Amino acid sequence: DAIAEAIAASRHTAIHYDDEEVLVDAVCDRLEGGKVIGWFQGRSEWGPRALGNRSILADPRRSDMKDTVNAKIKFREPFRPFAPSVLAERCEEFFELPQASSSLPARFMLLVVPVRPDKEDVVPAVSHMGTARIQTVHADTNLRYHALIGKFKELTGCPVIVNTSFNVRGEPIICSPVDAFRCFMGTELDVLVVGSFILIKE
């Protein structure tokens, strides 16, 4: 109800998806096309990192994505790195973390680990001097987010996406649908996904 009310108040056109798979496909098509996504799902998170409920998402394969997100959306210094969300079952292919699927700190983006040398050029947007602060994503704890990264992997061969907190410099992470719309309209975010609704700037 809060999402529907916020959409009505925004006077912005939104597309509603009843089918989960169709929603995920639509978002991944835009990620692959270089769009930056505001991703608002479920309950608000608590902790030091955004883990896929209040996140800004982007394609890690694009070396220019760091500058795009820092300058146009986060409004912060260009040297600031971005973290990757990676399918837990594919993590060790890209990052040097033995037994990654069973690492509890990795689930909460609390570890900085080396990017495998042969993968640095594959995911340049999340490699900072050869390292990354990873988040492993598990289907049993965040099914929609896991499905999204899984579909992105199907499309691109890359089981990784850029994940940074859904806020701008100097402001707290967004909490409500109204916060999400305000951030969407006040930045150069291309797409906003709120629950099962997608909003696109004309």
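Read on for a plain summary of the structure.

Cut-off values and rules
- The numbering scheme is per chain: residues are counted from 1 as the chain's sequence reads.
- Two thresholds apply to this predicted model, a pLDDT of at least 70 for residue-level local features and 80 or more for giving and counting side-chain atom pairs, whereas whole-chain, interface and lining totals are computed over all residues.
- To get the side-chain values, all heavy atoms of the structure are used, and hydrogens and water are removed first.
- Note on conventions: DSSP H or I runs of at least 4 residues are helices, E runs of at least 2 residues are strands, and numbering of each starts at the N terminus.
- Only protein chains enter the area calculation, which uses a 1.4 Å probe; residues under 20% of their type maximum are buried, those over 50% are exposed, and those in between are partly exposed.
- We call two residues contacting when some pair of their heavy atoms lies within 4.5 Å.
- Fitted lines through C-alpha atoms give the axes, limited to the stretch in contact for helices. The angle between two N-to-C directions lies from 0 to 180 degrees.
- With respect to orientation, any angle under 35 degrees is reported as roughly parallel, any angle over 145 as roughly antiparallel, any angle of 65 to 115 as roughly perpendicular, and every other angle as oblique.
- In this scheme the handedness of a crossing depends on how the near helix is turned from the far one: anticlockwise by less than a right angle means left-handed, clockwise means right-handed.
- Residue polarity is assigned by list, with Asp, Glu, Lys and Arg as charged and Ala, Val, Leu, Ile, Met, Phe, Trp, Tyr, Cys and Pro as nonpolar; anything else, Gly included, falls into the polar class.
- To define a nonpolar core, start from buried Ala, Val, Leu, Ile, Met, Phe, Trp, Tyr and Cys residues and group those joined through side-chain atoms within 4.5 Å.
- The aromatic pairing rule takes the rings of Phe, Tyr and Trp, using the six-membered ring of Trp, and pairs them if the centres are within 6.5 Å, calling planes under 30 degrees apart stacked, those over 60 edge-to-face and the rest tilted.
- Each ring is checked for a lysine NZ or an arginine CZ that lies within 6 Å of its centre and within 35 degrees of its normal; such an atom marks a charge sitting over the ring.
- We treat Lys and Arg as the positive residues and Asp and Glu as the negative residues; His and chain ends play no part in the count.
- Any Lys or Arg side-chain nitrogen found within 4 Å of a carboxyl oxygen on Asp or Glu counts as a salt bridge.
- For the purposes of these results, a polar contact is taken to be a pair of N or O atoms within 3.5 Å, where, inside protein, one atom must be able to donate a hydrogen and its partner to accept one; residues adjacent in sequence count only when each atom of the pair is a side-chain atom.
- Only a pair of cysteine sulfur atoms within 2.5 Å qualifies as a disulfide here.
- Here a strand pair is declared whenever DSSP counts at least two bridges between the two strands.

1. Here we look at the overall build of the protein chain
Logical step 1: The helix and strand tally for the protein chain stands at seven helices and nine strands.
Logical step 2: The dimensions of the protein chain, computed from C-alpha atoms along their principal axes, are 50 × 35 × 30 Å.
Logical step 3: Put simply, the protein chain has 202 residues, and 49% of those count as buried.
Logical step 4: In the protein chain, 65% of the contacts between residues at least 6 apart in sequence involve partners at least 24 apart.

2. Comments concerning the packing of helix H2 (residues 20–32) against helix H6 (residues 143–156)
The relative placement of two packed helices comes down to the angle between their axes together with the axis-to-axis distance.
Logical step 1: The geometry of H2 relative to H6 is characterised by a closest axis approach of 9 Å and an angle of 55° between their N-to-C directions. Regarding the angle of H2 to H6, the classification is oblique. The element H2 and its partner H6 pack so that their crossing is right-handed. For the pair H2 and H6, the contacting residues are Glu20, Leu23, Val24, Asp25, Val27, Cys28, Asp29, Leu31 and Glu32 in the first and Arg144, Ala147, Leu148, Lys151, Phe152, Leu155 and Thr156 in the second.
Logical step 2: Among the residues forming the contact of H2 with H6, the class breakdown is nine nonpolar, one polar and six charged.

3. A closer look at unusual backbone geometry
Logical step 1: Look at Gln99: it is not a glycine, yet its phi comes out positive at around 55°.
Logical step 2: Summarising the element assignment, Gln99 is placed in the loop between helix H4 (91–94) and helix H5 (104–107).
Logical step 3: Although it is not a glycine, Met109 adopts a positive phi angle of roughly 55°.
Logical step 4: Along the chain, Met109 turns up in the loop between H5 and strand E5 (111–114).
Logical step 5: The exposure class assigned to Met109 is buried, which follows from its relative accessible area of 4%.

4. A look at the nonpolar core
Logical step 1: Core analysis: the biggest nonpolar cluster contains 58 residues, and Phe95 and Leu148 have the highest contact counts within it.
Logical step 2: Tallying contributions element by element places H2 first for this core, with six residues.

5. Comments concerning the packing of aromatic side chains
Logical step 1: The final tally for this structure, using the stated rule, is one aromatic pair.
Logical step 2: Relative to Phe95, the ring of Phe94 lies with its centre 6.4 Å away and its plane at 40°, an arrangement referred to as tilted. The burial state of Phe94 is the same as that of Phe95; both residues are buried.
Logical step 3: Seen from the ring of Phe40, Arg54 lies directly overhead, with NZ or CZ sitting 3.8 Å from the centre.
Logical step 4: Over the aromatic face of Phe94 sits the side chain of Lys119, whose NZ or CZ is 4.7 Å from the ring centroid.

6. Observations regarding the side chain of Arg54
Logical step 1: Here Arg54 is to be found in strand E3 (residues 54–58).
Logical step 2: Although Arg54 is buried, it makes no salt bridge; Glu45 carries the closest opposite charge, 6.5 Å away.
Logical step 3: For Arg54, the side chain forms a polar contact with the main-chain oxygen of Gly42, separated by 3.1 Å.
Logical step 4: Among the polar contacts listed, one links the side chain of Arg54 to the backbone oxygen of Cys175, at a separation of 3.2 Å.

7. A few points about the state of the cysteines
Logical step 1: Enumeration over the complete set of coordinates arrives at zero disulfides.
Logical step 2: With no disulfide partner, Cys28 has as its closest neighbouring cysteine sulfur the one in Cys158, 11 Å distant.

8. What about the pairing of strand E4 (residues 83–87)?
Logical step 1: A large share of E4 lies buried, amounting to five of its five residues.
Logical step 2: Both faces of E4 are covered, namely the face carrying Ala83, Ser85 and Leu87 and the face carrying Pro84 and Val86.
Logical step 3: Pairing of E4 with strand E7 (residues 160–165) involves four bridges; the strand directions are antiparallel. Note on E7: the bridge partner recorded for Pro84 is Val162.
Logical step 4: As paired strands, E4 and strand E6 (residues 131–137) are joined by three bridges and run parallel to one another. Pairing of Val86 across the sheet is with Thr136, part of E6.

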